[in-house]
Amino acid sequence: MPNYILSYKSFGENAILIEWPKEISDAVLQDIVGFKNKIHKNIKLQDVIIGYNSILLVYEFVIEKSEHKIVILKKLYLQKEKSESVLDHHWVIPVCYDLEFGMDLEQLSKEKKCSTNEIIQLHSQTMYTVFFVGFLPGFLYLGGLNSILYSPRKATPRLRVPKGAVAIGGEQTGVYPNQSSGGWNIIGNSPISFFDVEKEVPCFAKTGDKITFKSISLNEHKEITEAVNNNEYKMQPVL
Amino acid sequence: MITVLNQGIYCSIQDLGRKGFANIGVPISGVMDATSAKLGNQLLNNDLNEAVLEIAFGGVELQFDEDTIVCLTGADFSPKINGIRIEMNAVIKIKKSQTITFGKRNYGVRTYLSVFGGIQAKEILSSKSFYKEISEGIILQKGDAVPCKTLKGQTKQTYSKIKVDERHFSTNGIRCFKGPEFELLTKTQQAQLFGAEFIISNDNNRVGYQLNEPIENTLKPILTSGVLPGTVQLTPSGKLIILMRDCQVTGGYPRVLQVSEESINRLSQKTTHDKILFVLK
């Protein structure tokens, strides 16, 4: 496993920011996850926030001497440890790309000069990696979007993007876990729940997991929505 | 029970926040001015994390359906029980069917109402704090009934009262540390941050405070990375946003400063048109 040159910075009174080189890649993500697991095993923290090339460690108390904490972290990073790799799951997310949901699909098809079917294929044939969860509870930052589908955010964001909207923003794609404002191009809708406080695990996916989208019909969307509402739909990872 | 007769402008239930769920994108939330909220719980001998009502800009009318003791801390909006002025920062007895109202603003923005034993709201993800999509409510509304405990038997007379440091409300100094992207700023830009006062824009709420005066901005966006309450972001327009308790857990704008915890509390008592001055710790 490559060891990167990391930067450690004190961040306010009770946090330390660790940064990797400025790149979005699976290799950096693997290294971040490996280090995060070691940190979890050895240090008690209030919160750990992962970014594309960073980990923000939020301590439970005010840090008196950040240099001490940083020395400990640096040693920990270099420690050869049989990392008990946490199992990464692969989740298949049903998405209905019908124009009823995919309100920007036709516009995108014109811009890209390819049919809506081709766009759907490009979007659903890719294996995406979950980099981290941010923006909204349960919003997954996914890496791996096919470059043909890169598409700038809308100049004026929509005030109401519906819950479950599957969208493309810049070089990213994602699913809005709840109704929110947003400027991404909407191409479909997923009936499943990405964030549910009633569940023991409110968000099924985690950093490092894999995601693929599966195209479903309007009817299937309706059926799954009903099952989700009746608490009869359970997400199962494929291995 | 406390019945909401008038909901005022923005009244919510808050404790010290929802910690430990940032990895699934859940904001910390919690009381904006933790200094004032903790003081109320302290005077009532409550656990410091007990939930309180955070009342921004007064205006609420609350009817008590129990005999209990309460304490009002933070902003002074001339509180009254059944029309009679009561003291701030003091333990106050209140009887069944009496109402608390607020009037003229004397200082501050956010008042905290703590009650004996704490507000008994549903705990979701280890916190009673209101937040959209997580708690059942976002703000308390007219007709809502908020559960609280009855003070039984010992109605021992209590005279607990404390004088608060008025600088908590009056100072314009906001103490801060350098943020992760501070060193990317030019010397001129750095000097702009500390050289003059900034005015709080009317875009200020529990998520963040935007400041009116832009500074020169030549920085590119960063790769999305963690942010915290108190993080000062430099937006593409050059305007600064100070993130507050309900902020997202990640962001893509350069983080030029990090406001100290105590100064987040002080800032929470300021609003539109108030002036602040960043002071480097």
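Residues numbered from 1 in each chain as written. Chains lettered and ligands numbered in written order. Predicted model: local features only at pLDDT ≥ 70, side-chain atom pairs only at ≥ 80, totals over all residues.

What follows concerns the sheet that holds strand β1 (residues 7-11) of chain A. Residue and element names in this part refer to chain A. As summarised here, the arrangement of the four strands in space is β1-β2-β4-β3, forming an open sheet in which the pairing is antiparallel. Edge strands, defined here as strands with exactly one partner in the open sheet, are β1 and β3 (47-51). With strand direction ignored, the average angle separating the axes of adjacent strands in the sheet is 15 degrees. The pairing of β1 with strand β2 (residues 15-19) spans five bridges and is classified as antiparallel. Bridging from a neighbouring strand, Ser10 pairs with Ile16 of β2. (Pairing = 2+ DSSP bridges. Helix = DSSP H or I, 4+ residues; strand = E, 2+ residues; numbered from the N terminus. Axes fitted to C-alpha atoms, helices over the stretch in contact; angles between N-to-C directions.)

One can find Gln120(B) in the loop between β10 (107-115) and β11 (145-146). For Gln120(B) and Val52(B), which are 68 residues apart along the polypeptide, the C-alpha to C-alpha distance reads 9.2 Å.

Bridge count between strand β1 (residues 2-7) of chain B and strand β4 (residues 60-64) of chain B: five bridges; the pairing is antiparallel. Across the sheet, Asn6(B) pairs through a bridge with Glu61(B), a residue of β4(B).

This part covers the domain arrangement of chain A. All names here are of chain A. Here chain A is described as being made up of domain 1 (7-78) and domain 2 (90-229). Centre-to-centre separation of domain 1 and domain 2, based on C-alpha positions: 30 Å. Taken together, the contact pairs seven residues of domain 1 with six residues of domain 2. For the side of domain 1 that touches domain 2, the secondary-structure elements that each account for two or more residues are α1 (26-42) and β3. Counting residues per element, the side of domain 1 that touches domain 2 draws most heavily on α1, which supplies three residues. Class assignment for the residues of the side of domain 1 that touches domain 2 results in five nonpolar, one polar and one charged. (Domains from an automatic or database assignment. Contact = placed C-beta atoms within 7 Å. Nonpolar A, V, L, I, M, F, W, Y, C, P; charged D, E, K, R; others polar.)

Another point: the sheet that holds strand β17 (residues 240-243) of chain B. Residue and element names in this part refer to chain B. The mixed closed barrel is built from seven strands, whose spatial order is β12-β19-β16-β17-β14-β13-β20. Strand after strand, the sheet turns through a mean of 40 degrees between neighbouring axes, direction not considered. Alignment of strand β12 (residues 173-178) against strand β20 (residues 275-280), held across four bridges, turns out to be parallel. Its bridge partner lying in β20, Cys176 is registered against Leu280.

Residues and elements named next belong to chain B. Looking at chain B, the domain boundaries give domain 1 (2-165) and domain 2 (171-280). The gap between the C-alpha centroids of domain 1 and domain 2 is 28 Å. With 17 residues of domain 1 in contact, the opposing surface of domain 2 contributes 14 residues. Only α1 (34-43), β5 (68-76) and β10 provide two or more residues apiece to the side of domain 1 that touches domain 2. When residues of the side of domain 1 that touches domain 2 are assigned to their parent elements, the largest contribution, three residues, is made by β10. The residue inventory of the side of domain 1 that touches domain 2, partitioned by class, reads eight nonpolar, seven polar and two charged.

Taken together, the contact pairs 31 residues of chain A with 25 residues of chain B. Looking at the side of chain A that touches chain B, the elements that each hand over two or more residues are β1, β2, β3, β4 (54-58) and β6 (128-133) of chain A. Here the side of chain A that touches chain B takes four residues from β3(A), the largest share from any one element. By residue class, the composition of the side of chain A that touches chain B is 19 nonpolar, eight polar and four charged.

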